[in-house]
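So you can see what is in the structure, the chains are spelled out below.
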Amino acid sequence: MSVEIHEKKIITDLPYEVEVFENKWLTLSDGTQLSYRLWLPKTEDKAPTPVILEYIPYRKRDGTRGRDEPMHGFFSGHGYACIRVDMRGTGESDGLMHDEYLQQEQDDALEVLDWISKQPWCDGNIGMMGKSWGGFNSLQVAALQPPALKAIICVGFTDDRYNHDIHYKGGNLLNDNFWWGSIMAAYQSRPIDPEIAGDKWHDLWMDRLENMPFLISNWTKHQTRDEYWKHGSVCEDYSAIKVPVFAIDGWADCYRNTPFSLMNGLDVPRKAIIGPWAHVYAHDGDPLPAMSFLEEAVKWWDKWLKGIDNDTLDCPMIQAWMEDYMTPDSQMPVSEGRWVGVDSWPTKDTEDQTYFLTRGKMMDVKNEKTEVELLKTPLNHGILGGEFMGAGVHGETPSDQRVEDGMAMVFDSEKLEEPIEVLGAPIFKVRLSADKEDAMIYAALEDVAPDGAVRRVSYGVMNLTHLQGHDKVVKLVPGEEVDVTVTLDCCAHRFEAGHRYRLALATSYWPMFWVKPEDVTLSLDLSTAVLTIPKFVGNDCEGPNMKPVSAAYTPCTVLSEGRVDRSVTYDIVNDAWTCITDGVGGVFGEGIYRFDDIGTVIEHNLKRELTLSNKDPLSAKYVITQKMKLGREGWLADADIITEQTADHDYFYITCDMKVKEGDQLIFDRKWESKIERNGN
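These lines cover the structure that appears in this document, whether it is placed above or below.

Reading guide: rules and limits
Residues numbered from 1 in each chain as written. Predicted model: local features only at pLDDT ≥ 70, side-chain atom pairs only at ≥ 80, totals over all residues. Heavy atoms only, no water. Helix = DSSP H or I, 4+ residues; strand = E, 2+ residues; numbered from the N terminus. Rg over C-alpha atoms; globule rule 2.2 N^0.38 Å. Buried < 20%, exposed > 50% of the residue type's maximum accessible area, 1.4 Å probe, protein only. Contact = heavy atoms within 4.5 Å. Areas by Shrake-Rupley, 256 points an atom, 1.4 Å probe, with all protein chains shown as cover. Lys, Arg positive; Asp, Glu negative; His and termini not counted. Charge placed at Lys NZ, Arg CZ, Asp CG, Glu CD. Salt bridge = Lys/Arg side-chain N within 4 Å of Asp/Glu carboxyl O. Phe/Tyr/Trp six-rings, centres within 6.5 Å; stacked < 30°, edge-to-face > 60°. Axes fitted to C-alpha atoms, helices over the stretch in contact; angles between N-to-C directions. Parallel < 35°, antiparallel > 145°, perpendicular 65-115°, else oblique. Left-handed = near helix turned anticlockwise from the far one by under 90°. Nonpolar A, V, L, I, M, F, W, Y, C, P; charged D, E, K, R; others polar. Core = buried A, V, L, I, M, F, W, Y, C linked by side-chain atoms within 4.5 Å. Pairing = 2+ DSSP bridges. Polar contact = N/O pair within 3.5 Å; in protein donor to acceptor, adjacent residues only side chain to side chain. Disulfide = S-S within 2.5 Å.

1. A word on the overall build of the protein
- A tally of helices and strands in the protein yields 11 helices and 36 strands.
- Computed over C-alpha atoms, the radius of gyration of the protein comes to 25 Å, within 12% of the 26 Å expected from 2.2 N^0.38 for 681 residues, which places it in the range of a compact globule.
- In terms of overall dimensions, the protein has a C-alpha envelope of 80 × 60 × 45 Å along the principal axes.
- Relative to its full complement of 681 residues, the protein shows a buried share of 62%.
- Considering only residue pairs separated by 6 or more positions, the protein has 74% of its internal contacts joining residues 24 or more positions apart.
- Taken as a whole, the protein presents about 24,900 Å² of accessible surface, with 46% of it coming from carbon and sulfur.
- Positive and negative side-chain charges of the protein, numbering 69 and 111 respectively, have mean locations separated by a distance of 1 Å.

2. Focus on the pattern of salt bridges
- Scanning all chains against the criterion turns up 49 salt bridges.
- Of the charged contacts in the structure, one is a salt bridge between Asp86 and Arg84, with a shortest N-O distance of 3.1 Å.
- Residue classification places Asp86 among the buried positions, given a relative accessible area of 0%.
- Among the residues examined, Arg84 registers a relative accessible area of 0% and is labelled buried.
- Connected through salt bridges with shared partners, the residues Glu22, Arg37, Arg61, Arg65, Glu69, Asp193, Glu195, Asp597 and Arg632 form a single ionic network.

3. Looking at the environment of Gly591
- Mapped onto the secondary structure, Gly591 falls in the loop between strand S30 (576–584) and strand S31 (592–595).
- By relative accessible area, Gly591 is classed as buried at 1%.
- In the structure, Gly591 is positioned 333 residues away from Thr258 in sequence and 32 Å away in space, judged by C-alpha atoms.
- In this structure Gly591 touches Ser560, Glu561, Gly562, Gly585, Gly586 and Ile602, once residues within four positions along its chain are discounted.

4. What about helix H9 (residues 258–265)?
- Buried within H9 we find Thr258, Pro259, Phe260, Leu262 and Met263.
- In this structure, the buried residues of H9 make contact with helix H3 (133–142), strand S10 (245–250), strand S11 (270–275), strand S12 (318–323) and strand S18 (420–424).

5. Structural notes on the side chain of Asp94
- Positionally, Asp94 belongs in the loop between strand S5 (81–86) and helix H2 (103–117).
- In contact with Asp94, other than residues within four places in its own chain, are Gly31, Thr32, Gln33, Arg88, Gly89, Lys200 and Leu204.

6. Considering the packing of aromatic side chains
- Summed over all chains, the structure comprises 37 aromatic pairs.
- Between the aromatic rings of Tyr101 and Trp133, the centroid separation amounts to 4.9 Å while the plane-to-plane angle is 50°, which identifies the pairing as tilted. Here Tyr101 is found in the loop between S5 and H2, whereas its partner Trp133 is found in helix H3, with 32 residues between them in sequence.
- A relative accessible area of 3% means that Tyr101 is categorised as buried.
- On the basis of relative accessible area, Trp133 is assigned to the buried category, the value being 2%.

7. Some details on the packing of helix H1 (residues 65–76) against helix H10 (residues 293–305)
- Running from N to C, H1 and H10 point in directions that differ by 40°, and their axes come no closer than 10 Å. Judged by the angle between their axes, H1 and H10 are oblique. The crossing of H1 and H10 is right-handed. From H1, Pro70, Met71, Phe74 and Phe75 reach across to H10, where they touch Phe293, Leu294, Glu295, Ala297, Val298 and Trp301.
- Its residues assigned to classes, the contact of H1 with H10 comprises 9 nonpolar, no polar and 1 charged.

8. Here's the deal with H3
- Burial analysis of H3 places 10 of its 10 residues in the buried class, which makes it a mostly covered element.
- Listing the buried residues of H3 in full gives Trp133, Gly134, Gly135, Phe136, Asn137, Ser138, Leu139, Gln140, Val141 and Ala142.

9. Side note on unusual backbone geometry
- That bond from Asp286 to Pro287 is cis: its omega, 0°, falls within 30 degrees of zero.
- Here Pro287 is to be found in the loop between S11 and H10.
- Each neighbour pair has its own omega, and for Trp510 with Pro511 the value is 10°, a cis peptide bond.
- Note on placement: Pro511 falls in the loop between strand S24 (500–506) and strand S25 (522–536).
- Despite not being glycine, Lys46 shows a phi value in the positive range, around 55°.

10. Concerning the nonpolar core
- Counting 169 residues, the largest nonpolar core has Leu53, Phe75, Phe293, Trp301 and Ile318 as its most contacted members.
- In terms of residues, this core owes the most to one element, helix H4 (residues 176–188), which gives 8 residues.
- In contact with Phe293, not counting residues within four places along its chain, are Met71, Met129, Ile153, Val155, Ile248, Tyr281, Ala282 and His283.
- Counting 37 residues, the second-largest nonpolar core is a separate cluster that includes Val484, Tyr501, Leu505 and Leu522.

11. Observations regarding the pairing of S12
- Taken across its 6 residues, S12 has 6 buried, putting it largely inside the fold.
- Residues Ile318, Ala320 and Met322 of S12 are buried on one face, and the alternating residues Gln319, Trp321 and Glu323, pointing to the opposite face, are buried as well.
- Where S11 lies against S12, 3 bridges are found, and the strand directions are parallel. Within S12, the position partnered with Ile273 by the bridge is Gln319.
- Two elements, S12 and strand S13 (residues 337–342), share 6 bridges in a ladder whose sense is antiparallel. By the bridge assignment for S13, Ala320 is matched with Val340.

12. Brief notes about the environment of Pro191
- Its place among the elements puts Pro191 in the loop between H4 and helix H5 (194–197).
- Sequence separation between Pro191 and Asp638 is 447 residues; the distance between their C-alpha atoms is 9.6 Å.
- Excluding its chain neighbours within four sequence positions, the residues that come into contact with Pro191 are Arg59, Glu92, Trp201, Trp205, Leu630, Trp635 and Ala637.

13. Topic: the environment of Met362
- Secondary-structure assignment places Met362 in strand S15 (residues 361–363).
- You can call Met362 buried: its relative accessible area is 5%.
- Spatially, the C-alpha atom of Met362 lies 5.6 Å from that of Phe411, the residues being 49 residues apart in sequence.

14. Concerning the side chain of Arg161
- Along the chain, Arg161 falls in the loop between strand S7 (149–155) and strand S8 (168–169).
- Arg161 gets classed as buried once you look at its relative accessible area, which sits at 1%.
- A distance of 2.8 Å separates the side chain of Arg161 from the backbone oxygen of His231, its partner in a polar contact.

15. Things to note about the packing of H2 against H3
- Packing of H2 against H3 leaves a shortest axis separation of 10 Å and a crossing angle of 75°. In this view, H2 runs roughly perpendicular relative to H3, as classed from their interaxial angle. Facing Glu105, Gln106, Ala109, Leu110 and Leu113 of H2, the residues of H3 in contact are Trp133, Asn137, Gln140 and Val141.
- Its residues placed into classes, the contact of H2 with H3 shows 5 nonpolar, 3 polar and 1 charged.

16. Overview of the state of the cysteines
- This model, assessed by the stated rule, comprises 0 disulfides.
- The thiol sulfur of Cys491 is not disulfide-bonded, and the nearest other cysteine sulfur, from Cys490, lies at 7.4 Å.

Structure, rendered in structure tokens:
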């Protein structure tokens, strides 16, 4: 590894002193008041400055507070006013939130930007930024072309809400769709802080509880790429985005493909950095090494909001962390590798390597003989596949895939005579038939070390009822051959000499994806099978600044250390598997903690339990149990939430049971139930 690991440095002597306003209000045209937190640099004669907007639903007061202070404090310390706005129906803002990325959310954002541009502390130049939801809506709002918005930064985001978000992948229903919907129910169960909202806090809280949307149901009803998903997917018209875009993500995150598609689709000043990280800001990099995201961001803002000529674009369009082989392990605190760069995407710096298949082997020459292999994977294939969305929590990385590959169909290359590096998306194609109407196929590119250890490099899945497009379901005709293409995730990986490529194929990937209603056998015509690997032949680059810094942390006391326990158990008699993830004290292991400056204690426990018998795909069951507690002396909210998903051949059944107490008194008790027709999932 050529890049050293540096601890994050806390900088207190920033160029500007900063005044922080805990809460202020802005009023929209319909009378709705949005709550915001404001950081203002103390400039000479109170001169106006450019402004950076972050506009998300995750509660500025007691949700993102821990990360807001060191980030927005850093930006404001460099001469930017920073405003962190709670969206309608979230935090202390008025109104209700009915779903993610609605037109109302975008319309409100346009009003917010217009309002900011007219404030005495704004010089008329605004940047918008965010991670995850904030990355999504920065792109969505940019596509609406508000005049004051001059540039954006997006971290851990997508440009295609159906194909590259947390709901569906390759047309297959992700179990994280259920997980994230359950978490949002807990987040939205939290009360409005009476220190901010005053006497109306309880009525606002009850109104929010009584009108809470059943988000899991909303998302599961839309199993194809319909207008619901096209809305807010900026890939529908990249040309609508006219401002410069800085995109950042990491290989351990589920959004790793988007920086590449965005760099290809946009025609504005742009750059992308793809590091080793999970779904975290890169200055908090996990796995390490972290980068100095905040300093890189300031250079970006200086260029586009202050008009300062600097070197922010004096780099390759895409800077990617080329990962070395590392012994596979469920915990990967450090990623070994180096930076490489390309100036466009697609790029001339990759060459397609084509491999053909025969039983158990990858070959350089086409298979000319008729060779049909039957593929039928045990339903529990995937139990060591790790998390779909890495969140920087130990235990979420894919383990040694030898156990998985024992259930799959695998094809190995000869030992590599020299190191080979891969950058981009491998593609697998094959002609096959199925014995059922509904099926999926999983394909993975793996690195087989000389000692036999197997590291998953990239994977992809395809819903075989979506072969004519993700906007429609066309059932398979049993026994009828179809041509299938599986595009694997983008990756950057160095295969050492003496290692082997491996292609692994399967018909299931549990617990990442919900299983099909019937156990399926695929007949693969190996004479048609082709794996294309994008071999990188370009150059190393210097990469971004890898000495992370931030402003001072938010005052916080951890009252009880958190942990995330993970286990897989097997019922031999019933051939049944149970996968448990138990976040004790914090959903991501953050513990029970108190924000000292507001005296508020937060506790969020979440236990996931997924069960499945290989004897019956209809035995699949997913239960999430949560406790969400928040409050301080004399004010405490305590929510217990149980969500459950099951299915029969034709329908999904999803329930949510929520009980909320204020202190010791039960004030809300409701059960949501939804029966949703299965449509190719």
